[in-house]
Amino acid sequence: AATVTIGYTGDETRLSTTLEYRQDDNPTTGNLDIIAARGIATWQVTSATRVHAKLHMSKTASALDPTFDAEFSEYVVAAAYRPIVHDRLNILFKYTYLEDLPSPAQVSALGVPIDFAQRGHVAAIDATFQLTRSFAVGAKYAYRLGELRPSRDSSAPWFDSRSDFVAVRADWYFVESWDLLLEARRLTIYEADDSRAGVLAAVYRHVGNHMKVGIGYNFTDFSDDLTVLSYDSRGVFVNIIGVF
């Protein structure tokens, strides 16, 4: 394997890119040539606005059988509005394009091979408003316009896959250095005519002035990331939030 990384940091701009080439020798899949790339760009437009972009790409080619090939592409453009003086309202926006052809070696949580491919667009906006010094409310909306194929190859056709996610939440700074989060959320899958709803709760502890660590429980089985197509998100989670 060989890796090259190049980076640049300026007063308002930060750029970095990484290229990797790897060759694997496997008796099952034959020789595999893997090319991967990652790029990140951040631009501080104003003191209150920041734009961020990133790309992740990888391609695996088998010399033995093309059914062992795999591809992954993710392009993200995001923006944050976080004013300094009047900082009650904070807004985050994110657009993602994802194209994923999993490796045949990948398996689900049940040990079953992942025999599908996906591609699609996801747009999300998240806003938080500080009502008082100790109480804040927020909301998130995300929409996915994509396609799924129930096969890794062209033996199955692509079909539409549309979904959206809606959440409203409340944050309560109830005692010194402790936050309580309560969120109501709903996921709608249009082609399946299916809708799921539930709540999520968490408690956070502030650590210094720039970080808080939380533990919570997701009472729903879905994620707020619409590129995640599985329903295995129910349960305990740990979350770390940085402030800068």
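The notes below deal with the structure included here. Within each chain, residues carry numbers counting from 1 in the order of the written sequence. Local features are withheld for residues below a pLDDT of 70 in this predicted model, meaning they are given only at 70 or higher, and side-chain atom pairs are given and counted only at 80 or more; totals for whole chains, interfaces and linings count all residues. The basis for the side-chain values is all heavy atoms of the structure; hydrogens and waters are excluded.

## Things to note about the pairing of strand 12 (residues 211–218)
At step 1: Relative accessibility decides the category of a residue: with a 1.4 Å probe and only protein chains considered, values under 20% of the type maximum give buried, values over 50% give exposed, and everything between is partly exposed. Only DSSP runs of H or I reaching four residues or more are called helices, and only runs of E reaching two or more are called strands; each is numbered from the N terminus. Side chains Lys212, Gly214, Gly216 and Asn218 project from strand 12 onto a buried face, and the interleaved Met211, Val213, Ile215 and Tyr217 project onto a face without burial.
At step 2: Each pair of strands is called paired provided DSSP finds at least two bridges between the two strands. Pairing of strand 11 (residues 194–207) with strand 12, which is carried by eight bridges, proceeds in the antiparallel orientation. Residue pairing in the sheet places Val207 in a bridge with Met211 of strand 12.
At step 3: Hairpin connection between strand 11 and strand 12: a loop of three residues separates the two successive antiparallel strands, and Gly208 in this loop has a positive phi of roughly 70°.
At step 4: Summarising the sheet, strand 12 and strand 13 (residues 235–242) pair through eight bridges and their orientation is antiparallel. Within strand 13, the position partnered with Met211 by the bridge is Gly242.

## Some remarks on the pairing of strand 7 (residues 117–130)
Regular strands place their side chains on alternate faces of the sheet.
At step 1: As paired strands, strand 6 (residues 89–101) and strand 7 are joined by 12 bridges and run antiparallel to one another. From the neighbouring strand, Phe93 faces strand 7, where its bridge partner is Ile125.
At step 2: Two strands pair when backbone bridges link them, and strand 7 and strand 8 (residues 135–149) are joined in this way by 14 bridges, in the antiparallel orientation. When the bridges of strand 8 are listed, Gln130 appears paired with Ala136.
At step 3: Linkage of strand 7 to strand 8, two consecutive antiparallel strands, is achieved through a turn of four residues.

## Quick look at the nonpolar core
The tendency in soluble globular proteins is for nonpolar side chains to be buried side by side.
At step 1: Val122, Ala124, Ala142, Phe165, Ala167, Leu187, Ile189, Phe222 and Leu226 form the largest nonpolar core, which has nine residues in total.
At step 2: Among the elements of the structure, strand 7, strand 9 (159–175) and strand 10 (178–189) are those that each provide at least two residues to this core.
At step 3: The contact rule is simple, with two residues in contact once any of their heavy atoms fall within 4.5 Å. In this view, Ala142 contacts Ala123, Ala124, Ser163, Asp164, Phe165 and Leu226; residues no more than four positions away in its chain are not counted. We define a nonpolar core as any set of buried Ala, Val, Leu, Ile, Met, Phe, Trp, Tyr and Cys residues linked to one another through side-chain atoms lying within 4.5 Å.

## Quick word on the side chain of Ser223
At step 1: With respect to the secondary-structure elements, Ser223 resides in the loop between strand 12 and strand 13.
At step 2: For Ser223, a relative accessible area of 18% translates into the label buried.
At step 3: In contact with Ser223, other than residues within four places in its own chain, are Phe165, Val228 and Ser233.

## Digging into a nonpolar patch on the surface
At step 1: Only residues whose relative accessible area exceeds 30% and that take part in no salt bridge are eligible for patches, with like-charged residues grouped when within 9 Å of each other and nonpolar side chains (Val, Leu, Ile, Met, Phe, Trp, Tyr) grouped when within 5 Å. For the area figures, the Shrake-Rupley method with a 1.4 Å probe applies, and any residue is considered shielded solely by the protein chains shown. Salt bridge, as applied in this entry: a Lys or Arg side-chain nitrogen positioned within 4 Å of an Asp or Glu carboxyl oxygen. On the surface, Tyr81, Leu89, Phe129, Leu131, Phe135, Trp172, Phe174, Val175, Trp178, Leu180 and Val203 cluster together into a nonpolar patch covering about 880 Å² of accessible area.
At step 2: At the level of elements, strand 9 and strand 10 are the ones that each hand at least two residues to the nonpolar patch.
At step 3: Sorting elements by how many residues they give to the nonpolar patch places strand 9 first, with three residues.
At step 4: Its place among the elements puts Leu131 in the loop between strand 7 and strand 8.

## Overview of the packing of aromatic side chains
At step 1: Planes of paired rings set the category: under 30 degrees apart is stacked, over 60 is edge-to-face and the rest tilted, where pairs are Phe, Tyr or Trp rings (Trp by its six-membered ring) whose centres lie within 6.5 Å. Taken as a whole, this structure holds four aromatic pairs when the rule is applied.
At step 2: An angle of 55° between the planes, with centres 4.8 Å apart, marks the rings of Tyr217 and Phe219 as tilted.
At step 3: The exposure class of Phe219 is partly exposed, given its relative accessible area of 43%.
At step 4: Over the ring of Tyr231 we find Arg196; its NZ or CZ atom is 3.8 Å from the centre of that ring. Ring-over charges, as used throughout, are those where CZ of Arg or NZ of Lys falls within 6 Å of the ring centre and within 35 degrees of the ring normal.

## So, the pattern of salt bridges
At step 1: Per the stated rule, a full pass over the model turns up 11 salt bridges.
At step 2: Here Arg185 ties to Glu183 by a salt bridge, and the two come within 2.9 Å at their closest N and O atoms.
At step 3: Judged by relative accessible area, Glu183 falls into the buried class, the value being 10%.
At step 4: Across the pair Asp194 and Arg196 runs a salt bridge, and its minimum N-O distance is 3.2 Å.

Worth remembering: the numbers are spatial, not functional.
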